[in-house]
Structure formats: structure tokens, C-alpha cells
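# Topology and contacts: notes
What follows is each chain in one-letter form.
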Amino acid sequence: MRPYPPLGLLSIAAWVEREAIEVDVFDTTFSSFDALMERLRAAQPRFVGIYVTLMTRSNVLNLVAAIRATPVLVNTTIILGGPEVTFHADRLLEHGADVIVLGEGEITTTEVIETVLRGGDLSDVAGVAFRREDGSVIRTSPRPLLKQIDSLPIPKRDAIDLQRYLDVWRRHHGAGAVSISTMRGCPFT
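An account of the accompanying structure is given in this report. (Residues numbered from 1 in each chain as written. Predicted model: local features only at pLDDT ≥ 70, side-chain atom pairs only at ≥ 80, totals over all residues. Heavy atoms only, no water.)

## Some thoughts on the pattern of salt bridges
In the structure shown here, the tally under the stated rule is eight salt bridges. A salt bridge links D24 to R39; the nearest nitrogen and oxygen atoms lie 2.9 Å apart. With D24 in the loop between α1 (7–18) and α2 (33–43) and R39 in helix α2, this pair connects stretches of sequence that are 15 residues apart. Relative accessible area serves as the criterion here: at 55%, D24 is assigned to the exposed category. The exposure class of R39 is partly exposed, given its relative accessible area of 33%. A salt bridge links D90 to R139; the shortest N-O distance between them is 4.0 Å. On the criterion of sequence distance, the pair formed by D90 in helix α4 (residues 89–94) and R139 in strand β5 (residues 137–139) is long-range, its members being 49 residues apart. Residue classification places R139 among the partly exposed positions, given a relative accessible area of 44%. (Salt bridge = Lys/Arg side-chain N within 4 Å of Asp/Glu carboxyl O. Helix = DSSP H or I, 4+ residues; strand = E, 2+ residues; numbered from the N terminus. Buried < 20%, exposed > 50% of the residue type's maximum accessible area, 1.4 Å probe, protein only.)

## A closer look at the layout of surface pockets
Rolled over the atoms, a probe as big as a water molecule pinpoints where empty space is left. Counted as a void, the second largest pocket has a volume near 300 Å³. When residues of the lining of the second largest pocket are traced back to their parent elements, those giving at least two are α5 (106–117) and β4 (128–131). Along the lines of polarity and charge, the residues of the lining of the second largest pocket split into five nonpolar, six polar and seven charged. (1 Å grid on protein atoms, 1.4 Å probe; cavity = no way out; pocket = protein on both sides within 12 Å on 5 of 7 lines; lining within 4 Å. Points joined across faces, edges and corners; volume = space filled by probe spheres on them. Nonpolar A, V, L, I, M, F, W, Y, C, P; charged D, E, K, R; others polar.)

## Points about the packing of α1 against α5
Direction vectors running N to C along α1 and α5 enclose 55°, while the axes themselves pass 9 Å from each other. On the basis of the axis angle, α1 is oblique to α5. Once α1 is placed against α5, the crossing between them reads as right-handed. Of the residues in α5, those in contact with S11, I12, W15 and V16 of α1 are E106, I107, T109, T110 and I113. Classifying every residue of the contact of α1 with α5 by side-chain character gives five nonpolar, three polar and one charged. (Axes fitted to C-alpha atoms, helices over the stretch in contact; angles between N-to-C directions. Parallel < 35°, antiparallel > 145°, perpendicular 65-115°, else oblique. Left-handed = near helix turned anticlockwise from the far one by under 90°. Contact = heavy atoms within 4.5 Å.)

## Remarks on the side chain of S179
Mapped onto the secondary structure, S179 falls in the segment after α6 (162–173). Residue S179 is classed as buried on the basis of its relative accessible area, which comes to 14%. With residues up to four places along the chain from it excluded, the contact list for S179 reads Y4, P5, L7 and R157.

## What about the packing of α2 against helix α3 (residues 57–68)?
Their axes nearest at 11 Å, the elements α2 and α3 cross at an angle of 35°. In the crossing of α2 with α3, the sense of the turn from one axis to the other is right-handed. Here α2 contributes F33, L36, M37 and L40 to the contact with α3, which in turn contributes N62, L63, A66 and I67. Partitioning the contact of α2 with α3 into residue classes produces seven nonpolar, one polar and no charged.

## Topic: the nonpolar core
Most often, soluble globular proteins keep nonpolar side chains buried together rather than apart. Within the largest apolar cluster, 23 residues are counted, with the highest numbers of intra-cluster contacts made by L40, I50, I67, L80 and I100. At the level of secondary structure, the elements contributing two or more residues to this core comprise α2, β1 (47–51), α3, β2 (77–81) and α4. Considering every element that reaches this core, the biggest residue donor is α3, with six residues. Counting residues in hydrophobic clusters, the runner-up holds 14 residues, among them I12, V99, V101 and V125. (Core = buried A, V, L, I, M, F, W, Y, C linked by side-chain atoms within 4.5 Å.)

## Comments concerning the pairing of β2
Side chains on a regular strand alternate between the two faces of the sheet. Counting buried positions along β2 gives five out of five residues, so the element sits mostly inside the fold. Both faces of β2 are covered, namely the face carrying T77, I79 and G81 and the face carrying I78 and L80. Of the pairings in the sheet, the one linking β1 to β2 comprises five bridges and is parallel in character. Across the sheet, residue I50 finds its bridge partner in β2, namely L80. Traced from β1 through α3 to β2, the parallel crossover comes out right-handed. (Pairing = 2+ DSSP bridges. Right-handed = clockwise from strand over helix to strand, strands pointing away.)

Function cannot be inferred from these measures alone, as they are strictly geometric.
This is the structure in C-alpha cells:
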């Protein structure tokens, strides 16, 4: 039992919210698939962003399939990002994802949302892969790494029940633990 808060997702949420886009985070760490689907059916979000890791990939594919099979979610745009998407973008798109965010996701995710809302062309957004209507996969040019990491807001930890993480750590390891990320930004400026 070493659960870590989803910092990647919380970082994206903080950035997107700062750009005046409403954000709701559903942390699946201490929840169930059914609870997540119930929340999605009730909220009927225009966008669902999912963070994909090696450990979560199969669950993500199941979630994408479930969203695609749910009539009230037919207009939901599924955006996938995280460390596992770069080398599996084509497969993830084949399984029903709409947009894959490649690399750092804060600016890219915001631009994807804004582009889709205005009916624009995703090929104008750097750092994404998506499927055209003819089935062809488009990968846009890479987005440069953020050079000013101080421009990043603090991850939106208030969107999750952080106390549950601390309690699990204390119960299983004798002390609470909270993770931070130190791998961001351009290495040379």
C-alpha cells in the first residue's frame, strides 16, 4: 500500500482551472469503476481527461470503451495523457480516445479544449495525436518544454481527499508521505 496522489492530473487540473475552464477531478485510487461511471453519467462532461501509466493502461482502455458505450456521453471528448501515451498513441486512438496529449500537458490540454469548443482544427495544436474522419492518425509537431517552471501552479491537491493517502501511509508504514515532482521544465536555458 503505497498510493501516491495523481500529481500529473492535478497539475493539469490546476493549469486548466487557472485558464478559467471548470475542472472536476475524480480520483479513482480509493473508488470504483462503477462510481466513476455513475459520476460521468450524472455530469455528462464535455471533456474527460485521463492520465495513463503502464499500470493503468488496461483500466483506461476499459473506461474509454465504457464511455463510448454510454449514450449520454456520446459528445464527450476523451483526452489521454501521461507517460504511457507517447508510444501507444495509435492504439489508444483505435480504442476510442479522441486526442492524445504528447509531452507536457498543461498548455496542450487547454489548447485542445479551446480548439474543440470553437470547432477549430486540432492540427493547429502542438503536441497532440488524433484521428481524422478518414481514419488517418495525425501527430502534430512536439510542444517545447516549459522553460519557466515557476509559471506552473501548485497541483490542485484540494481536488482529492489527501487525508486518505496520508492515513494509508501511516497505517501501513508508520508515517505519512506526500509526493512531489522534480522532473519538470527545460533542462538548459
